[in-house]
Structure formats: structure tokens, C-alpha cells
Amino acid sequence: MANVFKQSFGLTWRKALLSAPRLVPDVALYFTSSEGPQPIVFNIPSRGTHTIPLYVFIPPPPKLDPPVSTQEHTKLPVLLDFHGGGFIFGSCQEQAPFCAKIARELNAISISVDYRLGPAAQFPAAIEDAEDVLNAILDPIQPSYQELRYSINQHLLKSSRPRIELDATRIAVSGFSSGGNLALNLGLSLKHPDVSEDWLTLFPLSYERSIPLLLFYPSLDCRQLPSERPRPPGMEEKTGFLKSLELESTLMPTYLPRKQGGHPRASPGLAPIKDGGLHEKVNMLLVLPEMDTLAEQSDVWVKKVAEEGRSASLSVEKVSGVVHGWTQFPDSWLSDEHRKLKIQIFDEARDFVARAWA
């Protein structure tokens, strides 16, 4: 937190402007994600001194006659989700429609992670938080493992609902933009000499089931700032006040210094895929909007995946006419056509996960 006070006034007010949506109270989710379920929010321990806030979406209770006893246990799969925002803004609230849909329609626990952001935190803070939450699902030795389950079941107990167990053999990971960067990172293992010390995925090599990764327009190569990326044909350039602000390009280096942009954890699109670089059980759905400055680096990565022998593990869905982040816009901001495309993509992502969990 002390780092915030070291920033110039110019950085501070830009960060405040981008962070304004995080001030919206969670009660707004009853309007933006009216179908529910609504999340419960609590913190779990991290590897450091801070705690990690989680938005947890529990599926509605099945309508059974007679009702299930509160002493009985139900085992549910888990979606681990990461919001976007260039590692400097964004919130779990914008993830509510998608996370609630997966919880509701796949009878799963959806966990959206409020990971640390710049300028208060620096790389690799977000990746460490992502790993710590995955550890809370996978590793019984971690204090967070018990805390996660205790917090969920305390909520269920208050609602007179049966306890649940998290099925650590059925985990999916989703991420949007910078959150897609984190989602891909969780399936990668980096080894010397690509990094100074081996940095391996937390998914065991013996993991038996498919690990679906839902990569919505991910940032795969962070060596370029948004203002430096090539624009696809037909994409309008920012003008006037928005161009003068250059909010992302000004603030992103406060999380990821330019000299670290080529690190394969900062830019997972640069990480090796073959020879165990990508976990052998990973299967990926990559969603690419047409009007996105990340489109070129995504196309480069798709070719890399094929060249390194994992094209069978990657499904690519290109969506014409839409912009980066359109899936996270409120429906009222979208045209009828773009709203239908959002529903179609979310349905495809749901079905992709359902096949892996079958």
C-alpha cells in the first residue's frame, strides 16, 4: 500500500478514475445479474500477509422432495475465474453474469478472484494470488484450503442447506483480457533456462481429467502497451479527451515495468508449449473479438500452439464486429446483435466446460 503514496499526482488521479466502478455496491448485482445466484464475499489467506477477497457463486438448491438433510454432502465442480483490466483496474462484479451462469447451469461453484492490482502491487502479485486460490482448491495442507470450505459451508448452514464439497478433480479456469493471461499461466510450467528457477503449474502431472481454460481475448504478450499495438482494419482510433488520457498505457507500467514485459509469466504467449510447458490435460477455448488490438498477438500465439504440437488442445472462436471486452458490458450498452453474440459465446463456453466435466 505504501507504493500508492509514492506515485505522482498524475498517476494517482488516473488510477482513481479507473477504480471508480469498484465503488459500486454489490447490491447492484441484483440488477446487473438478476438471474443469480448472488455471490457471497469473503477473504482467504495468501502466501503473504495480505488476504485475497473472493466472490463465490453457489448454485441454487435443487428442488427435492423430501429435502436433503443438512448433514448430507454434495460434491460440486469448480470454476476459477479472473476479471480483466490490464492489472490496474476491473472487479469481480463485472464477472457476475458469467460466473452466475456457470454456477446455475452446470451446478458448480464459481469463484471470482479479486487479485492485487497496480500501482499498489507489482508483478507477479496477480499470478501469486491466482496460484494461492488454486492451491486453496487443490492442496489440503494450505490453511486457505480449510478457510475456503468453512466460509462456503457456514453460509449454507445459515440458509439450512446441505454442506458441499469441492470436487478438485473437476476444475475449469476462465479469464477475460488480463484475467485470460492469469488463466493461461495456471496451466503452464516454466523451467530453467527460460526462468532463473523452475516455476511449475500447480496442477499435478497426475491430474486425470481435462483442465478446460476459457481464454476470453487474453493479453498474451505484454511487451507492448495498448497505445503501441497494431489496430485491426476498421477499428477506430481513440481521439480527443480519451486519447489524451492514455490511462492504460500510463498506469500499466506501475504494475509491470517495461523491462519485465518479456518475462514468460508476464507474457505467457511467449512461454514454451511443448515438452511439458503446457500441462498435457489442458484444453483451451480462445475467444477473439474482431475489433481488438490484441488480435495480432493472439493470431501469432495460435500459430505457435500449432507449431509446438498442441493444436488439438485449442479451439478458436472469432467473433465479427465486436470490440475487446464486449462480453463484460452491461446488456443495455449492447445492440441486439451483440447481445445475442454474447449469449452464444457464453453458451459455447458453458458447453466446453460441461464436456470436460462429463
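Residues numbered from 1 in each chain as written. Predicted model: local features only at pLDDT ≥ 70, side-chain atom pairs only at ≥ 80, totals over all residues. Heavy atoms only, no water.

S.K.: Could you give me a rundown of unusual backbone geometry, with the residues and numbers involved?
M.R.: With omega at 5°, the peptide bond leading from glycine 36 into proline 37 counts as cis. Despite not being glycine, serine 177 shows a phi value in the positive range, around 60°. With respect to the helices and strands, the residue serine 177 is situated in the loop between strand E5 (163-176) and helix H6 (178-185). On the accessibility criterion, serine 177 (12% relative accessible area) is buried. Of note, tyrosine 217 is a non-glycine position whose phi angle comes to about 35°, a positive value. Mapped onto the fold, tyrosine 217 is located in the loop between strand E6 (211-216) and helix H7 (240-245). According to the relative accessible area criterion, tyrosine 217 is buried, its value standing at 2%. (Helix = DSSP H or I, 4+ residues; strand = E, 2+ residues; numbered from the N terminus. Buried < 20%, exposed > 50% of the residue type's maximum accessible area, 1.4 Å probe, protein only.)

S.K.: Help me get a handle on the packing of helix H4 (residues 125-138) against helix H5 (residues 143-158), residues and values and all.
M.R.: H5 packs onto H4 with a crossing angle of 75° between their chain directions and a minimal axis gap of 7 Å. Viewed along their axes, H4 and H5 adopt a mutual orientation that is roughly perpendicular. Together, Asp132, Asn135, Ala136, Ile137 and Leu138 of H4 and Ser144, Tyr145, Leu148 and Arg149 of H5 make up the contact between the two elements. Residue composition of the contact of H4 with H5, grouped by class: 5 nonpolar, 2 polar and 2 charged. (Axes fitted to C-alpha atoms, helices over the stretch in contact; angles between N-to-C directions. Parallel < 35°, antiparallel > 145°, perpendicular 65-115°, else oblique. Contact = heavy atoms within 4.5 Å. Nonpolar A, V, L, I, M, F, W, Y, C, P; charged D, E, K, R; others polar.)

S.K.: Talk me through the nonpolar core; I want residue IDs and the actual numbers.
M.R.: Considering soluble globular proteins, one finds that nonpolar side chains tend to be buried as a cluster. Judged by nonpolar contacts, the single largest core of 66 residues is most densely connected at Leu54, Ile111, Leu148, Ile152 and Trp301. Among the elements that line this core, the one with the most residues is H4, at 9 residues. Setting aside residues up to four positions removed in sequence, leucine 148 forms contacts with Phe42, Ile44, Leu54, Ile111, Ala136, Ile137 and Leu166. (Core = buried A, V, L, I, M, F, W, Y, C linked by side-chain atoms within 4.5 Å.)

S.K.: How would you explain H4 if you had to name every residue and give the values?
M.R.: Under the 1.5 Å per step criterion, the end-to-end length of H4 is 20 Å for 14 residues, consistent within 8% with the ideal 20 Å. With respect to burial, H4 is a largely interior element, 13 of its 14 residues being buried. (Expected span 1.5 Å × (residues − 1).)

S.K.: Quick one: what's the story with the packing of aromatic side chains, residue by residue and with numbers?
M.R.: Across all of its chains, the model carries 12 aromatic pairs by this definition. Ring geometry for phenylalanine 98 against phenylalanine 346: centres 4.9 Å apart, planes inclined by 55°, an arrangement best described as tilted. Note that phenylalanine 98 is positioned in helix H3 (residues 96-106) and phenylalanine 346 in helix H10 (residues 336-357), a separation of 248 residues in sequence. Put simply, the rings of Phe98, Phe176, Phe216, Tyr217 and Phe346 pair up and form one aromatic cluster. Directly above the ring of tyrosine 145 sits arginine 149, whose terminal nitrogen or CZ lies 3.4 Å from the centroid. A cation over an aromatic ring shows up here: arginine 265 above the ring of tryptophan 199, its NZ or CZ 4.8 Å from the ring centre. (Phe/Tyr/Trp six-rings, centres within 6.5 Å; stacked < 30°, edge-to-face > 60°. Lys NZ or Arg CZ within 6 Å of the ring centre and 35° of its normal.)

S.K.: How would you explain the pairing of strand E7 (residues 282-291) if you had to name every residue and give the values?
M.R.: Buried residues dominate E7, accounting for 8 of its 10 residues. Strand direction decides the pairing type here: E6 and E7, joined by 6 bridges, are parallel. Bridged to phenylalanine 216 within E7 is valine 287. With 7 bridges connecting them, E7 and strand E8 (residues 314-323) associate as parallel partners. Among the inter-strand pairings, methionine 291 is bridged to a residue of E8, identified as valine 323. Remark: the E7/helix H9 (residues 295-307)/E8 crossover connection has right-handed handedness. (Pairing = 2+ DSSP bridges. Right-handed = clockwise from strand over helix to strand, strands pointing away.)

S.K.: Account for the pairing of E5, naming residues and giving values.
M.R.: Residues in a regular strand point their side chains to alternate faces of the sheet. Here E5 lies mainly inside the structure; 10 of its 14 residues are buried. Where E5 meets E6, 4 bridges bridge the pair, whose relative direction is parallel. If you follow serine 174 over to E6, its bridge partner there is leucine 214.

S.K.: Mind laying out the side chain of aspartate 129, listing which residues take part and the relevant values?
M.R.: Note that aspartate 129 resides in helix H4. Residue aspartate 129 is classed as buried on the basis of its relative accessible area of 1%. Setting aside chain neighbours within four positions, we find aspartate 129 in contact with His50, Ile52, Tyr115 and Arg116.

S.K.: Hey, could you go over the side chain of arginine 161 for me, with residue numbers and the actual values?
M.R.: Inspection of the secondary structure puts arginine 161 in the loop between H5 and E5. At 2.8 Å, the side chain of arginine 161 and the backbone oxygen of proline 59 are in polar contact. (Polar contact = N/O pair within 3.5 Å; in protein donor to acceptor, adjacent residues only side chain to side chain.)

S.K.: For the packing of H3 against H10, give the residues involved together with the corresponding values.
M.R.: The angle between the axes and the distance between the axes are what describe a pair of packed helices. The geometry of H3 relative to H10 is characterised by a closest axis approach of 11 Å and an angle of 45° between their N-to-C directions. Here H3 is positioned oblique relative to H10, judged by the angle of their axes. Relative to H10, H3 is oriented so that their crossing is right-handed. In this structure, H3 uses Phe98, Lys101, Ile102, Glu105 and Leu106 to contact H10, whose residues at the interface are Phe346, Asp347, Ala349, Arg350, Val353, Ala354 and Trp357. Here the residues of the contact of H3 with H10 sort into 8 nonpolar, no polar and 4 charged. (Left-handed = near helix turned anticlockwise from the far one by under 90°.)

S.K.: So, H9: which residues are in play, and what are the values?
M.R.: At 3.6 residues per turn, the α-helix brings residues three or four places apart onto the same side. Relative to the 18 Å expected for 13 residues at 1.5 Å per residue, H9 spans 19 Å between its end C-alpha atoms, a close match to the ideal helical length. For H9, the complete set of buried residues consists of Ala295, Gln297, Ser298, Trp301, Lys304 and Val305. Buried residues along H9 sit in contact with H6, E6, E7 and E8. Residue glycine 309 follows H9 closely and has a positive phi angle near 85°.

Distances and angles like these do not, on their own, reveal function.
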